[in-house]
Amino acid sequence: MNIAANNGVWSGSWVAERLGVELVGDDGLTALLGLALRRNPRRAHLLVSNVLGKHVPQSPSVVYGHGFALGRRVRDLLGEREARQAVVLGYAETATGLGHSVADGIGLAPYLHSTRRPVAGVTPAGGFEESHSHATSHLLLPEDPALLSGEGPLVLVDDEFSTGNTVLNTIRDLHTRYPRKRYVVVALVDMRSSADAGRLTDFAREIDARVDLVAAASGTVKLPEGVLEKGQELVARYEERAATGASSSAGASGLVAQFPAPLPGVALGADYQSPYPGARGTARSAPSGPHPDDNRTTPHRSHLTRVALHWPHGLPDGGRHGFTPAHRRRLEAALPLMAARVAEALPPGARRVLTLGFEELMYTPLRIARELEALVAAEVRYSTTTRSPVLAVDDPGYAIRSRLVFPAHDNPADGPGERYAYNVAGAGFDAVVLFVDSAGDTPELHAPGGLLDRLGAHAPHVLLAAVPSYVPALPEESPAMLPEPLRGPAFSSYPAEDVGWLLQDLSDVTLEAPTEEREEAIQSGGAHYAESLPVEYQPSEQYQALFHAALETSAARIAQAVGVVTETVMAERSPRPVLVSLARAGTPVGVLMRRWAQFRYGLDLPHYAVSIVRGRGIDANALRWLAAHHDPRDVVFVDGWTGKGAITRELADAVAEFEARTGVSGFDPEIAVLADPGSCVRTYGTREDFLIPSACLNSTVSGLISRTVLRADLVGPDDFHGAKYYRELAGADVSVAFLDAVAARFAEVTEAVDAAVKELAVADRTPTWEGWAAVERISEEYGIHDVNLVKPGVGETTRVLLRRVPWKILARAGAGADLDHVRLLAEQRGVPVEEVGELPYTCVGLIHPKYTRGATGADGRAVNV
């Protein structure tokens, strides 16, 4: 039901009745807004949004959905071309999350929000005043000043558009410095008077620019004569009552413990349910309920838990210094895991959970809260703390039912002061998850009377999640010194000249976990695959015999592919390339390419191995080291094979982000591979899907090095990713034997290599990504619905059998000796092999979908027979 007709209680009725304030406009206006009062010399009333996530706890899906929908409207208004040239600017503090959500809806534009927090060493690129606000000065602190100097549209986002003064001040300041032809103003509600609407039109004509307006709803606030003085008197009277302990609601009903269920969608229609306690049904009397200014502590303190989010290194915590589409992609990849960590930390049986952001830090908590909402059975609500002082009145017809008051805890530049959290006290939350950036994680936060203490009086469980405060690297700062590469025999069984590992040695850290436990944790979102290692597979004598037989059979074919890819690289990329293999599957290939260059031309090419992690990107410190020691234009990234091309895309995104963040350019993200059965790259030795014997084994064919590890407690911001050296497996090591067997065939394949290189030079090698299309089809046909669980090709199928929990193997009908080792591994693990007539790969490995221990069916549930 509509909030305005919810038992006759609208959350603006208390103010409307006492001051004669009237809200008129679109039918849905009163569903979006309530009213409150505040001590302000310019405007006593406050429009309180039900869908902003600032003062009123609300479903995070509803909050994000409103901003995203507005962004879609802006994209439609601008069109694809102008949307790609646009920059989105949100207003602090209230609209930082809204502006970011609008930018997401546009999808193509970088985002910046104004801030009231100056950052040492960062020169403001602009500023403006917000005339009616309690804290008026805004700074613009983009890391890249060019963000504001483009010619594309500037999209300005605020929660409400009332007089238009703030927007006019902003445009006036920026247009003087960075003139452009188009502006778009976005707001949840357009509350201008007809006179103010005309001002915007006149201003656009004055600066000779187009100014459009996009809003979810519109209307006006009708204010009677003398409303400011009357409102100030009312605020003073009720604050005095609160100070003396008297009831501030004059017979109002107490708080009801339950909020309504989360909204099913974004639009607020006739079935809209109020987010306010007491607005659904008849409010229950609660004489012992919380005082509106309830900062009392309870005898039984809540349980405080710190949640380690493992925030991606170098990713901005919001738009204070700019947030690009590349940043968005990194965040999207990390969100499920961070939300899973929060979910794991919640108390069992929690029914109602509040995720509470911190002033300008609105977007990150909102996105994690939205993921959390889909993970847990509890009702999840989202709101944030604020600088804004608002009167609290415990009445169903008033928007701010209670407030917590606590001292600022981020050492603000304008000095100490009070901060507030509204509609938290008495709301019946079983747990509150507080998000702060590291600048706000101070002793004041944890002190008696601080925010954590205040929250602990009203929720039995309080969780604290700190996000690193992003500070742009200053030009005069030099990055931390990085160590020289690790080399054998101290690290790896390869000779020192074959490869330098841009990794840190984690050999003394226990990282291995049983395969089944890892699979369950990865699929449930409780862990990322790069945070642990599988137990190293120890091959049986029968399996080792298969490896040696496969090597004998395929050594010449591998040697030819090595020669073709190396010759292509040297002809098309660089005559003296710097080979950078993606550890660890790419490393044997990189060593072989280096050996081919020695064999054919007497060249001693540099070769390094670096870490890349799906969903986390390439090791940026390794790129930094490479850029400091070599020309990035000579760097060629090397891998063993392509499957569906996920790492190919990951590398392209990671290099683009690195260049945008550091200004270092020249790295070519296209990978050179031995085999490209997925048709994902232009530089390859072959596109056949055949057995590369190095795919049969793990560390014992890769220099005794583990898969790479990226975990926040082990890898710091200035560290290389990690890996282990399994010295204890030296007796089973065939790493150098594999290299020698292939290199021994170089001479006999030289003519074939030259012929193949000539053919490739004139061939159309444009990637078709047919492998990705096949994986998507298989994912749907087999009811998996997750391409990450479909691993195409002989190499990837072998990895599934060695490291993951396989469900079944699809084998192309008639596939011969290339699959002998796959059939043996499948038999050892009890995995069925299904022959398929139409299959673009020799085989495809399917990881068990929705895996839980004991599961056998495609739905992840155990089958009882």
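About the criteria used
- Residues numbered from 1 in each chain as written.
- Predicted model: local features only at pLDDT ≥ 70, side-chain atom pairs only at ≥ 80, totals over all residues.
- Heavy atoms only, no water.
- Helix = DSSP H or I, 4+ residues; strand = E, 2+ residues; numbered from the N terminus.
- Buried < 20%, exposed > 50% of the residue type's maximum accessible area, 1.4 Å probe, protein only.
- Contact = heavy atoms within 4.5 Å.
- Areas by Shrake-Rupley, 256 points an atom, 1.4 Å probe, with all protein chains shown as cover.
- Axes fitted to C-alpha atoms, helices over the stretch in contact; angles between N-to-C directions.
- Parallel < 35°, antiparallel > 145°, perpendicular 65-115°, else oblique.
- Left-handed = near helix turned anticlockwise from the far one by under 90°.
- Nonpolar A, V, L, I, M, F, W, Y, C, P; charged D, E, K, R; others polar.
- Salt bridge = Lys/Arg side-chain N within 4 Å of Asp/Glu carboxyl O.
- 1 Å grid on protein atoms, 1.4 Å probe; cavity = no way out; pocket = protein on both sides within 12 Å on 5 of 7 lines; lining within 4 Å.
- Points joined across faces, edges and corners; volume = space filled by probe spheres on them.
- Pairing = 2+ DSSP bridges.
- Right-handed = clockwise from strand over helix to strand, strands pointing away.
- Phe/Tyr/Trp six-rings, centres within 6.5 Å; stacked < 30°, edge-to-face > 60°.
- Lys NZ or Arg CZ within 6 Å of the ring centre and 35° of its normal.
- Expected span 1.5 Å × (residues − 1).
- Arc of directions from axis to C-beta.
- Polar contact = N/O pair within 3.5 Å; in protein donor to acceptor, adjacent residues only side chain to side chain.
- pLDDT = per-residue confidence, 0-100.

**A word on the overall build of the protein chain**
A tally of helices and strands in the protein chain yields 21 helices and 33 strands. Considering the protein chain as a whole, with its 865 residues, one finds that 60% of them fall into the buried category. Sequence separation of 24 or more characterises 77% of the internal contacts of the protein chain that already satisfy a separation of 6 or more. Of the roughly 32200 Å² of accessible surface on the protein chain, a fraction of 52% belongs to carbon and sulfur atoms.

**Thoughts on the packing of helix α14 (residues 587-601) against helix α17 (residues 735-743)**
Two numbers describe how α14 lies on α17: the axes approach to 10 Å, and their chain directions differ by 40°. Between α14 and α17, the crossing angle belongs to the class labelled oblique. Relative to α17, α14 is oriented so that their crossing is right-handed. Contacts between α14 and α17 pair P588, V591, L592 and R595 from the former with F738, L739, D740, V742 and A743 from the latter. Looking at the contact of α14 with α17 residue by residue, the classes come out as 7 nonpolar, no polar and 2 charged.

**Some points on the environment of V578**
Mapped onto the secondary structure, V578 falls in strand β22 (residues 578-582). Looking at V578, the relative accessible area reads 4%, which means it is buried. Residues V578 and D634 lie 56 residues apart in sequence; the distance between their C-alpha atoms is 5.6 Å. With residues near it in sequence (within four places) discarded, V578 still touches P606, Y608, H630, D634, V635 and V636.

**Digging into the pattern of salt bridges**
Applying the stated criterion across every chain yields a total of 42 salt bridges. A salt bridge links D653 to R329; the shortest N-O distance between them is 3.5 Å. Of this pair, D653 sits in helix α16 (residues 646-662) while R329 sits in helix α8 (residues 325-345), and the two are 324 residues apart along the sequence. Owing to a relative accessible area of 34%, D653 belongs among the partly exposed residues under this scheme. In this structure R329 comes out as partly exposed when scored by relative accessible area, which is 41%. Across the salt bridge formed by D505 and R727, the nearest N and O atoms sit 3.7 Å from each other. Of this pair, D505 sits in strand β19 (residues 504-505) while R727 sits in the loop between β29 (722-723) and α17, and the two are 222 residues apart along the sequence. Assessed through its relative accessible area of 35%, D505 is described here as partly exposed. Members of the salt-bridge network, linked through shared partners, are D498, R594, R595, D604 and D740.

**Things to note about the layout of surface pockets**
For the second largest pocket, the calculated volume is near 350 Å³. Lining of the second largest pocket is provided by 21 residues; of these, R43, H45, S162, T163 and L223 occupy positions nearest its centre. Sorting the residues of the lining of the second largest pocket by element identifies β3 (45-49), β10 (210-222) and α7 (227-243) as the ones contributing at least two each. Per-class residue counts for the lining of the second largest pocket are 8 nonpolar, 8 polar and 5 charged.

**Section: the pairing of strand β4 (residues 87-90)**
Alternating residues of β4 divide into V87 and L89 and V88 and G90, and every residue in both groups is buried. Sheet topology places β4 next to strand β8 (residues 154-161); 4 bridges connect them, and they run parallel. Its bridge partner being in β8, L89 is matched across the sheet by L156. Sheet topology note: the β4/strand β5 (residues 111-113) ladder contains 3 bridges and is parallel. The residue of β5 that forms the bridge with G90 is H113. The handedness of the β4 to β5 crossover, carried by helix α4 (residues 96-106), is right-handed.

**Regarding the sheet that holds strand β9 (residues 182-190)**
Judged by pairing direction, the sheet is mixed, and its 6 strands sit side by side in the order β1-β10-β9-β8-β4-β5 without closing on themselves. Every other strand in the sheet has two partners, leaving β1 (22-25) and β5 as the edge strands with one partner each. If you compare each strand with its neighbour and ignore which way they point, the axes differ by 30° on average. When β1 meets β10, the two strands line up antiparallel, connected through 4 bridges. Note on β10: the bridge partner recorded for V24 is T220.

**A short note on the packing of aromatic side chains**
Per the counting criterion, the structure on display carries 14 aromatic pairs. Put simply, the rings of F491, Y494, W501 and Y725 pair up and form one aromatic cluster. The ring of Y64 carries the charged tip of R367 above its face, separated from the ring centre by 4.5 Å. Here the basic side chain of K808 rests over the ring of W807, its NZ or CZ set 4.7 Å away from the ring centre.

**What about the sheet that holds strand β31 (residues 806-812)?**
An order of β30-β33-β31-β32 is seen for the 4 strands of this open sheet, with the pairing classed as mixed. Each edge of the sheet is formed by a strand with only one pairing partner; in this case those strands are β30 (790-792) and β32 (833-836). Across the sheet, the axes of successive neighbouring strands diverge by a mean angle of 20°, strand direction being ignored. Across 5 bridges, β31 lies against strand β33 (residues 843-847) in antiparallel orientation. Counted as the bridge partner of L810 is V844 from β33. Those strands touched by helix α19 (residues 770-781) are β30, β31 and β33, and its axis lies near 140° from that of β30.

**Points about α19**
Counted at 1.5 Å a residue, the expected span for α19 with its 12 residues is 16 Å, and the 16 Å between its end C-alpha atoms agrees. Listed as buried for α19 are G771, W772, A774, V775, I778 and S779. In a view along the axis of α19, the buried residues occupy a sector of 160°, so they form one face of it. Check the buried side of α19 and you find it contacts α16, β30, β31 and β33.

**Topic: the environment of F547**
Looking at the element boundaries, F547 is found in helix α13 (residues 541-572). Separated by 149 residues in sequence, F547 and C696 place their C-alpha atoms 6.7 Å apart.

**Points about the side chain of T442**
Here T442 is to be found in the loop between β16 (431-437) and α10 (443-446). In contact with T442, not counting residues within four places along its chain, are H409 and N411.

**Some details on the side chain of T386**
Summarising the element assignment, T386 is placed in the loop between β13 (379-384) and β14 (403-407). By relative accessible area, which is 1% here, T386 ends up buried. Within the structure, T386 has its side chain in polar contact with the backbone nitrogen of S388 (distance 2.9 Å). Residues within four places of T386 in sequence aside, it is in contact with K54, H55, E93, E359, R419, Y420 and Y422.

**Quick word on the confidence of the model for the protein chain**
With 85% of its residues at a pLDDT of 70 or more, the protein chain shows a mean pLDDT of 83. Low confidence marks residues 246-289, where pLDDT is under 50. Its contacts with residues over four positions away, or in another chain, come to 122 contacts. The model gives residues 518-529 a pLDDT under 50, and that stretch makes 40 contacts with residues more than four places away or in other chains.

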